[in-house]
Amino acid sequence: PRHASPGRDYLLLRLEIQNNKAERVAIASSDRIRLEGEDGKLFSPDYHNGNVVVDPISVRRDSVVFVVDSNINNFSFLVGELEGEKQKIEIQFSKS
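Residues numbered from 1 in each chain as written. Predicted model: local features only at pLDDT ≥ 70, side-chain atom pairs only at ≥ 80, totals over all residues. Heavy atoms only, no water.

Our focus in this paragraph is the overall build of the chain. Summing up its helical and strand segments, the chain has zero helices and eight strands in all. The helix and strand sequence of the chain, counted from the amino end, reads β-β-β-β-β-β-β-β. Its C-alpha atoms put the chain at 45 × 35 × 20 Å along the principal axes. Across the 96 residues that make up the chain, the buried fraction comes to 27%. Summing over all exposed atoms, the chain offers an accessible surface of approximately 7100 Å²; the carbon and sulfur share of this is 46%. Seen as two clouds, the 13 positive and the 15 negative side-chain charges of the chain have centres 4 Å apart. (Helix = DSSP H or I, 4+ residues; strand = E, 2+ residues; numbered from the N terminus. Buried < 20%, exposed > 50% of the residue type's maximum accessible area, 1.4 Å probe, protein only. Areas by Shrake-Rupley, 256 points an atom, 1.4 Å probe, with all protein chains shown as cover. Lys, Arg positive; Asp, Glu negative; His and termini not counted. Charge placed at Lys NZ, Arg CZ, Asp CG, Glu CD.)

Structure (structure tokens):
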């Protein structure tokens with residue numbers, strides 16, 4: 001098994017990619033999501049599956065992984081086409 005370095009954690013995001021078209025598509029899900037750092041920098045996933053093939057009229061599950069500081073509980077992501085409009089998604093984990 002792979003472990004994050006001290007002070008770091010893996011943040012795994014599970015995605016669903018929907019293809020409504022009648023033909024198969026290949027999508028690099030890592031090109032569609034960015035982690036926004038506190039300083040406004042946009043980070044691409046540290047680990048991903050490359051191009052994901054989605055069959056016609058179907059949904060495919062995929063995962064991307066970011067390496068993050070273990071003391072951070074709030075995350076902001078930008079999701080969308082590389083050169084298109086993006087949706088901002090914020091996630092907050094509570095400390096236990």
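The subject of this paragraph is unusual backbone geometry. Look at Ile-57: it is not a glycine, yet its phi comes out positive at around 45 degrees. You can call Ile-57 exposed: its relative accessible area is 61%.

For the rest of this paragraph, the subject is the environment of Lys-41. Looking at the element boundaries, Lys-41 is found in the loop between β3 (33–36) and β4 (42–43). Not counting the four nearest positions on each side in its chain, Lys-41 is found in contact with Leu-35 and Glu-36. (Contact = heavy atoms within 4.5 Å.)

Counted according to the given criterion, the structure contains three aromatic pairs. Aromatic pair Tyr-10 and Tyr-47: ring centres 6.0 Å apart, planes at 75 degrees, arrangement edge-to-face. Pair noted here: Tyr-10 is in strand β1 (residues 8–19) and Tyr-47 is in the loop between β4 and β5 (51–54), with a separation of 37 residues, a long-range link. Taking the relative accessible area as the measure of exposure, Tyr-10 reaches 32% and is therefore partly exposed. When its relative accessible area of 33% is taken as the criterion, Tyr-47 is described as partly exposed. Ring centres of Phe-75 and Phe-93 lie 6.0 Å apart, and the angle between their planes is 70 degrees; on these two criteria the pair is classed as edge-to-face. With Phe-75 in strand β7 (residues 74–80) and Phe-93 in the segment after β8 (86–92), this pair connects stretches of sequence that are 18 residues apart. Look at Phe-75 and you get buried, because its relative accessible area is 6%. (Phe/Tyr/Trp six-rings, centres within 6.5 Å; stacked < 30°, edge-to-face > 60°.)

In the structure shown here, the tally under the stated rule is six salt bridges. Here Lys-88 ties to Glu-36 by a salt bridge, and the two come within 3.1 Å at their closest N and O atoms. Taken together, the positions of Lys-88 in strand β8 and Glu-36 in strand β3 put the pair 52 residues apart, joining distant regions of the chain. Classification of Lys-88 by relative accessible area gives partly exposed; the value is 45%. Among the residues examined, Glu-36 registers a relative accessible area of 25% and is labelled partly exposed. (Salt bridge = Lys/Arg side-chain N within 4 Å of Asp/Glu carboxyl O.)

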